[in-house]
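# Descriptive analysis of the structure
Each chain, letter by letter, is given below.
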Amino acid sequence: MVKKILTKFYLGLILLFLYAPILILIILSFNKSKSRSKWGGFTFNWYSRLFQDDDIMRALYSTLLIAILSALIATVIGTAASLAINNMKRIPRAVLMGITNIPMLNADIVTGISLMLLFVALNYSLGFSSVLMAHITFNIPYVILSVMPKLKQLNLSTYEAALDLGASRSYAFYKVVFPDIFPGVLSGFLLAFTMSLDDFVITYFTKGASIDTLSTKIYSEVRKGIKPEMYALSTLLFVSVLILLVLINRRNDRSKNPVKAMKAINDR
């Protein structure tokens, strides 16, 4: 009994240590006073001023556009790559999966500098398109990681039966295969969107001077001095990423639980 209490106590201390700075930042975003050491009352003023800032709104628009486009394109490419990898023989498949995992294990700064040097070597101007291509590049492995387990669980007999009954390959894929792997595809899209929304290092090295995302905008503003609007912006980013991660984890838990999965299928 005492051991369980101590375990919970230590776990609480660890969580407090990890999330106390974020909690303080959220509280400061509602502080009427600009002082970080004095509470001046509750206000939404910094949020309203945040949405009135044209530079931040442009950064928000760029961030969302890059995140949506990169997630969509990476999902299409990653799903197609997963189908190809799944049909390979064991050794080539293992080698290619190892190569695919490298960008996820690699340090972001190495990936960012490598992509920047590639764009410079190709004499490609850094801007919106370079950031978009960089985000697509590092998002593809996350999509593959989400789709591959679904393909391994797939029963190909139903696909072959559809072909025997006269369905074309594309029709059989969209009617038989795709519905089964769709949870993995959706999880890959949400994960790619979250990673793109949250990225700073790779964006910083590939963006040039003509564009800013929210993460790079926060960095440049903090260097000039911390404004309360940055607390509000950081809070919104944290909440957005947290909601997406909860959705991804809930979907993954449902897919891993056969009872819940069967219930969801029956409900449909």
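Now for a quick tour of the structure. Bear in mind that the values here come from a model prediction, so they are computed numbers and not experimental data. (Residues numbered from 1 in each chain as written. Predicted model: local features only at pLDDT ≥ 70, side-chain atom pairs only at ≥ 80, totals over all residues. Heavy atoms only, no water.)

## Topic: the side chain of asparagine 31
Mapped onto the fold, asparagine 31 is located in the loop between α1 (2-28) and α2 (45-51). In contact with asparagine 31, not counting residues within four places along its chain, are Lys38, Trp39, Gly40, Gly41, Thr43 and Trp46. (Helix = DSSP H or I, 4+ residues; strand = E, 2+ residues; numbered from the N terminus. Contact = heavy atoms within 4.5 Å.)

## Overview of empty space enclosed by the protein
Evaluated as defined, the whole model comprises one cavity of 30 Å³ or more. Of the volumes computed, that of the largest cavity is approximately 40 Å³. Lining the largest cavity are Thr63, Ile66, Ala67, His135, Ser196, Leu197, Asp199, Thr203, Thr213, Leu214 and Ser215. At the level of secondary structure, the elements contributing two or more residues to the lining of the largest cavity comprise α3 (54-86), α8 (169-198) and α10 (214-224). Looking at the lining of the largest cavity, the element that brings in the most residues is α3, giving three residues. Residue composition of the lining of the largest cavity, by class: four nonpolar, six polar and one charged. (1 Å grid on protein atoms, 1.4 Å probe; cavity = no way out; pocket = protein on both sides within 12 Å on 5 of 7 lines; lining within 4 Å. Points joined across faces, edges and corners; volume = space filled by probe spheres on them. Nonpolar A, V, L, I, M, F, W, Y, C, P; charged D, E, K, R; others polar.)

## Regarding the pattern of salt bridges
What the rule picks out here adds up to four salt bridges. With a shortest N-O distance of 3.3 Å, glutamate 229 and arginine 49 are connected by a salt bridge. On the criterion of sequence distance, the pair formed by glutamate 229 in helix α11 (residues 228-256) and arginine 49 in helix α2 is long-range, its members being 180 residues apart. For glutamate 229, a relative accessible area of 9% puts it in the buried group. (Salt bridge = Lys/Arg side-chain N within 4 Å of Asp/Glu carboxyl O. Buried < 20%, exposed > 50% of the residue type's maximum accessible area, 1.4 Å probe, protein only.)

## Examining unusual backbone geometry
With a phi close to 60°, asparagine 123 is a non-glycine residue in the positive phi region. With respect to the helices and strands, asparagine 123 occurs in the loop between α5 (108-121) and α6 (128-153). A residue is classified by how much of its surface remains accessible, and asparagine 123, at 71% relative accessible area, is exposed.

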